[in-house]
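Remarks on the overall topology
Spelled out from the first residue to the last, the chains are:
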Amino acid sequence: MINTVIFDLDGVLVSTDELHYLAWKRLAEELNITGFTKADNERQRGVSRMESLEVVLEKSDKSYTDDEKKVLAEKKNDYYKESLRDVDESIILPGAVETLKLLHERGVKVGVGSASKNTPAILDKTGLAGLIDKVSCGLDTDKSKPEPDVFLIAAEKLGSDPSECLVVEDSAAGIEAAKRAGMKSLGVGPFNKTLGASICADNLADNVNWDRILN
Ligand code: BG6
Ligand code: MG
């Protein structure tokens, strides 16, 4: 029986995907990388900051040392944080607040499992922090999705067995991480049907049958 739901953050609870994209694009332009597209950005969904940087640098003729890559990733994060400065509850995706409240009413434990090291700041700025029991993010582990660690840490913090957990994800890497963690999954977002999740929905407002999932 499912008694715990672990939500990814970017693209599931909040619409930060576009802000990540714009920050990477700004960095790419500074590096004179012209071919960085939305399609490339889709491959950054769910993966860590350093792996996302590799997707950008694939399009560069120049090679970078590890130290230079760290500086570039930091720069992108500065641009991203700049764009987060004024965000508020308006970036919360449809159905997210209602779903979190419904789960609390039913006594379901609610966690977040995200690769993003900016997770705590985003949860605070949007007011979502008050609706989440425990958070596991890129600050808790260096192993990023599809490794299962971020979800296993969330389950441990919540005191739940993986078999009792459902993961809500918008990325293929995240769905694979849920599988490796031994958890069921609900795929959402523009590619929900292609992610390999146990259940699919366009977004959390899309008539997700929680009665069926929880029983
Ligand atoms: C994921 C995003 O949630 O977090 C990725 O989907 C991003 O695109 C990753 O690269 C890491 O985020 P951050 O905020 O730590 O750079
Ligand atoms: Mg995501």
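Higher on the page you've got the structure.
Attention in this report is confined to the structure presented alongside it. Because the structure is a prediction, the values reported are computed rather than measured. (Residues numbered from 1 in each chain as written. Chains lettered and ligands numbered in written order. Predicted model: local features only at pLDDT ≥ 70, side-chain atom pairs only at ≥ 80, totals over all residues. Heavy atoms only, no water.)

**Side note on the coordination of the magnesium ion (ligand 2)**
- Taken together, D8 (OD), D10 (O) and D170 (OD) make up the protein donors of the magnesium ion (ligand 2), found 2.0 to 2.2 Å from the metal.
- Ordering the donors of the magnesium ion (ligand 2) by residue number gives the pattern D-x1-D-x159-D. Here the residue D8 occupies a position in the loop between strand 1 (4-7) and helix 1 (17-30), and D170 occupies one in the loop between strand 4 (165-169) and helix 8 (172-181), the gap between them amounting to 162 residues. When sorted by exposure, D8 lands in the same class as D170, which is buried. (Donors = N, O, S within 2.8 Å, 3.2 Å for Na, K, Ca; no water. Helix = DSSP H or I, 4+ residues; strand = E, 2+ residues; numbered from the N terminus. Buried < 20%, exposed > 50% of the residue type's maximum accessible area, 1.4 Å probe, protein only.)

**Overview of the packing of aromatic side chains**
- Here the structure, examined in full by the defined rule, presents one aromatic pair.
- The lysine or arginine in question, R26, covers the ring of Y79, its NZ or CZ lying 3.7 Å from the ring centre.
- If you follow K76 out to its NZ or CZ, it ends over the ring of Y80, 4.6 Å from the centre. (Phe/Tyr/Trp six-rings, centres within 6.5 Å; stacked < 30°, edge-to-face > 60°. Lys NZ or Arg CZ within 6 Å of the ring centre and 35° of its normal.)

**Section: helix 6 (residues 119-126)**
- Every buried residue belonging to helix 6 is among T119, I122, L123 and T126, and all of these are buried. For helix 6, the angular spread of the buried residues around the axis is 100°, confining them to a single face.
- Buried residues belonging to helix 6 abut helix 4 (66-84), strand 2 (109-113) and strand 3 (134-136).
- Note on helix 6: the residue one or two positions beyond its end, G127, has a positive phi of about 80°. (Arc of directions from axis to C-beta. Contact = heavy atoms within 4.5 Å.)

**Remarks on the site of ligand 1**
- Inspection of the region around ligand 1 gives 15 residues, with D10, R49, S116, K117 and N118 positioned closest.
- Separating an oxygen atom of ligand 1 from a backbone N or O atom of G46 is a distance of 2.8 Å.
- Here the shell around ligand 1 is composed, by residue class, of three nonpolar, eight polar and four charged. (Near = heavy atom within 4 Å. Polar contact = N/O pair within 3.5 Å; in protein donor to acceptor, adjacent residues only side chain to side chain. Nonpolar A, V, L, I, M, F, W, Y, C, P; charged D, E, K, R; others polar.)

**Quick notes on helix 7 (residues 149-158)**
- Within the span of helix 7, buried status applies to D149, V150, F151, A154, A155 and L158.
- Where helix 7 is buried, its residues contact strand 1, strand 2, strand 3, strand 4 and helix 8.
- G159 lies just past helix 7 and shows a positive phi near 70°.

**Some details on the environment of T16**
- Positionally, T16 belongs in the loop between strand 1 and helix 1.
- By relative accessible area, T16 is classed as buried at 0%.
- Residues T16 and V167, spaced 151 residues apart in sequence, show a C-alpha to C-alpha distance of 19 Å.
- Leaving out residues up to four positions away in the same chain, T16 has contacts with D10, G11, Y80, L84, I91 and I122.

**Quick look at the nonpolar core**
- V5, F7, L13, V168, L186, L204 and W210 are the most contacted members of the largest nonpolar core, which has 36 residues in total.
- For this core, the secondary-structure elements that each account for two or more residues are strand 1, helix 1, helix 4, helix 5 (96-105), strand 2, helix 6, strand 4 and helix 9 (210-214).
- Other than its neighbours up to four places away in sequence, L13 contacts F7, D8, I91, I92, L93, A96, L100, V112, L128, I132 and L204. (Core = buried A, V, L, I, M, F, W, Y, C linked by side-chain atoms within 4.5 Å.)

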